[in-house]
Amino acid sequence: MNNVPWDKFCEWKSRCGPVVRVSIMHKDLVLVDDPALLKHVFQSKSQRYCKDVDFSYYPFMCLLGTGLVTAEGKLWRRQRSMVSVHFRVEILDEIVGISMKGAMRLAKKLDGFKGTGKPVALAEEFRHLTLQVIGEAILSMPHEEAD
């Protein structure tokens, strides 16, 4: 074990089973490692569970914003219905290639900063990359228009 969180979670799972309750920084968390239970939480009975934007998502909110990943209730349903017409199964086949092209564009851009001493706003760069991938995959937009 390297004492990184996911190694510790795996250790607990092997010792305690596929559902583990743990308290971290006075916050109770439930770790689930069972496909049927995950389907129950994320698909079948998702309205019974809330997203933990104040703790788990907090460090990533600057990247995630208040979109589908972090929204709940009426806001989530409204956002989901707006993009649902654009969801299609073929996206799953395309998304890897689109993501790789975007990552290569970002790597090339970051290479331009090498040795300059200039700071790079990585959160902003990853936000742009995310928008580019979503725009191309869902809306068939060229990456230049997704920013």
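Everything below is about the structure printed above this text.
Described below are features of the structure shown in this document. The shown structure was predicted, so the numbers you read here are calculated from the model rather than taken from an experiment.

1. Here we look at the overall build of the protein chain
1) Next: Of regular secondary structure, the protein chain possesses six helices and two strands.
2) Next: Each helix and strand of the protein chain, placed in order from N terminus to C terminus, yields the pattern α-β-β-α-α-α-α-α.
3) Next: Since a compact globule built from 147 residues should have a radius of gyration of about 15 Å, the 19 Å found for the protein chain marks it as more spread out than a globular shape.
4) Next: Here the protein chain holds 147 residues, and the buried ones make up 14% of them.
5) Next: Here the contacts in the protein chain between residues at least 6 apart in sequence split such that 30% fall between residues at least 24 apart.
6) Next: Carbon and sulfur atoms form 61% of the exposed surface of the protein chain, whose accessible area is close to 11200 Å².
7) Next: Here the protein chain holds 21 positive side-chain charges and 18 negative ones, and the gap between their average locations is 5 Å.

2. Describing the nonpolar core
1) Next: With seven residues, the main nonpolar core is built from Ile91, Ile98, Leu106, Leu129, Val133, Ala137 and Ile138.
2) Next: Mapped onto this core, the elements with two or more residues apiece are helix H5 (90–111) and helix H6 (122–139).
3) Next: Here this core gets four residues from one element, more than from any other, and that element is H6.

3. Quick look at the packing of H5 against H6
1) Next: Packing of H5 against H6 brings their axes to within 9 Å, and their N-to-C directions diverge by 145 degrees. Seen along the crossing, H5 lies across H6 with a hand that is right-handed. Where H5 abuts H6, its residues Ile91, Glu94, Ile95, Ile98, Ser99, Lys101, Gly102, Ala103, Arg105, Leu106, Lys109 and Leu110 lie against Leu122, Glu125, Phe126, Leu129, Gln132, Val133, Glu136, Ala137 and Ile138.
2) Next: A per-class count over the contact of H5 with H6 returns 12 nonpolar, three polar and six charged.

Reading the values: rules and limits
Residues numbered from 1 in each chain as written. Predicted model: local features only at pLDDT ≥ 70, side-chain atom pairs only at ≥ 80, totals over all residues. Heavy atoms only, no water. Helix = DSSP H or I, 4+ residues; strand = E, 2+ residues; numbered from the N terminus. Rg over C-alpha atoms; globule rule 2.2 N^0.38 Å. Buried < 20%, exposed > 50% of the residue type's maximum accessible area, 1.4 Å probe, protein only. Contact = heavy atoms within 4.5 Å. Areas by Shrake-Rupley, 256 points an atom, 1.4 Å probe, with all protein chains shown as cover. Lys, Arg positive; Asp, Glu negative; His and termini not counted. Charge placed at Lys NZ, Arg CZ, Asp CG, Glu CD. Core = buried A, V, L, I, M, F, W, Y, C linked by side-chain atoms within 4.5 Å. Axes fitted to C-alpha atoms, helices over the stretch in contact; angles between N-to-C directions. Left-handed = near helix turned anticlockwise from the far one by under 90°. Nonpolar A, V, L, I, M, F, W, Y, C, P; charged D, E, K, R; others polar.

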